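# Summary of structural features
Chain by chain, the residues:
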Amino acid sequence: MMKDIFKPVIVLASICLAVTMLLAFVNELTLPVIVKAEEAAAAAARSEVLKNAKSFEAVTVSDLPEGVTEIYKGDNGSGYVVLTQSKGYGGTVRLICGIHTDGTIEAVKILSHSETSGVGTKAVDNSSGYRDKFIGISKNTVEQVDTVTGATISSKAVKTGVSSALQAYELIKEAGA
């Protein structure tokens with residue numbers, strides 16, 4: 001009876017241990033590649049929303065607005081790139097904004113979201129042109145952008161992210177960074 005109980009448990013535990021060790025080994029091998037790919041994607045996103053900048057330098061500002069995660073300054077005085085996250089209908093909406101030195105938006109790109117396909121995605125995948133409505137606006141005019149019908153919460157998440165980015169820009173400008 002002991003043989004019937006302990007032998008399968010020991011075999012199963014050995015298999016689990018071997019698979020766990022194999023997964024840990026594969027993770028260690030692929031981690032540098034994953035990190036490098038993530039860094040390349042982040043650099044590409046920064047270049048996409050602030051086209052005139054060739055390189056970016058991280059900016060540190062205290063007391064950032066809620067939702068702002070990272071800020072970068074473009075070289076040659078081209079502007080700033082601000083990464084934000086806000087709560088959408090399906091979860092967190094992460095976006096990146098390129099802001100000219102005059103405080104107007106150059107571009108908005110959604111980095112990740114989990115909004116409902118066909119409904120909330122109207123605001124985040126730009127099929128309705130919603131993100132394009134933010135191009136050229138400033139802190140004073142962001143509230144004039146209407147939400148997308150049927151995707152109110154998702155479009156409010158995008159609007160909140162853009163608004164937070166513009167608030168962060170104002171802080172940067174005041175700090176002289």
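Above this text is the structure in question.
Residues numbered from 1 in each chain as written. Predicted model: local features only at pLDDT ≥ 70, side-chain atom pairs only at ≥ 80, totals over all residues. Heavy atoms only, no water.

### Overview of the overall build of the protein
Tallying secondary structure elements over the protein gives three helices and five strands in all. Scaling as 2.2 N^0.38, a compact globule of 177 residues should have a C-alpha radius of gyration of about 16 Å, whereas the protein reaches 22 Å, well beyond that. The buried share of the protein, reckoned over its 177 residues, is 36%. In the protein, of all internal contacts separated by at least 6 residues, the share reaching a separation of at least 24 is 48%. If the 17 positive side-chain charges of the protein are averaged to one point and the 19 negative ones to another, these points end up 5 Å apart. (Helix = DSSP H or I, 4+ residues; strand = E, 2+ residues; numbered from the N terminus. Rg over C-alpha atoms; globule rule 2.2 N^0.38 Å. Buried < 20%, exposed > 50% of the residue type's maximum accessible area, 1.4 Å probe, protein only. Contact = heavy atoms within 4.5 Å. Lys, Arg positive; Asp, Glu negative; His and termini not counted. Charge placed at Lys NZ, Arg CZ, Asp CG, Glu CD.)

### Some points on the nonpolar core
In terms of nonpolar packing, the biggest core is built from 30 residues, with Ile 71, Cys 97, Ile 99, Ile 105, Phe 134, Val 158 and Val 162 touching the most fellow members. Only β2 (68–74), β3 (80–87), β4 (92–99), β5 (105–112), α2 (121–124) and α3 (152–175) provide two or more residues apiece to this core. Among the elements that line this core, the one with the most residues is α3, at eight residues. Apart from residues lying up to four places away in sequence, Cys 97 is in contact with Val 49, Tyr 80, Val 81, Val 82, Ile 105, Ala 107, Val 108, Val 162 and Ala 165. Residues Val 49, Leu 50, Val 81 and Ala 107 belong to the second largest nonpolar core, which totals nine residues. (Core = buried A, V, L, I, M, F, W, Y, C linked by side-chain atoms within 4.5 Å.)

### A word on helix α1 (residues 2–49)
An ideal rise of 1.5 Å per residue puts 70 Å on 48 residues; α1 measures up with 66 Å between its terminal C-alpha atoms. At Thr 30, α1 shows its largest kink, close to 40 degrees, and the proline Pro 32 lies no more than four residues downstream. For α1, every residue scored as buried is listed here: Ala 45, Arg 46 and Val 49. (Expected span 1.5 Å × (residues − 1). Bend = angle between axes of the 7 residues up to and from the residue.)

### A word on the pairing of β5
Bridge count for β4 against β5 is six bridges, and the pairing is antiparallel. Bridge assignment links Cys 97 to a residue of β5, and that residue is Val 108. Hairpin connection between β4 and β5: a loop of five residues separates the two successive antiparallel strands, and Gly 103 in this loop has a positive phi of roughly 90 degrees. (Pairing = 2+ DSSP bridges.)

### Looking at the sheet that holds β4
Strand order in the open sheet formed by five strands is β1-β2-β3-β4-β5, and the pairing between neighbours is antiparallel. The open sheet has two edge strands with one neighbour each: β1 (56–58) and β5. The mean inter-strand angle of the sheet, taken between neighbouring strand axes irrespective of direction, is 25 degrees. Running at roughly 150 degrees to β5, α1 makes contact with β1, β2, β3, β4 and β5 of the sheet. (Axes fitted to C-alpha atoms, helices over the stretch in contact; angles between N-to-C directions.)

### Some words on unusual backbone geometry
A positive phi angle is found at Asp 63, which is not glycine, with a value near 55 degrees. Its location among the elements puts Asp 63 in the loop between β1 and β2.

### Re the environment of Leu 64
Its place among the elements puts Leu 64 in the loop between β1 and β2. Separated by 107 residues in sequence, Leu 64 and Leu 171 place their C-alpha atoms 7.7 Å apart. Discounting chain neighbours no more than four positions away, the residues touching Leu 64 are Ile 71 and Leu 171.

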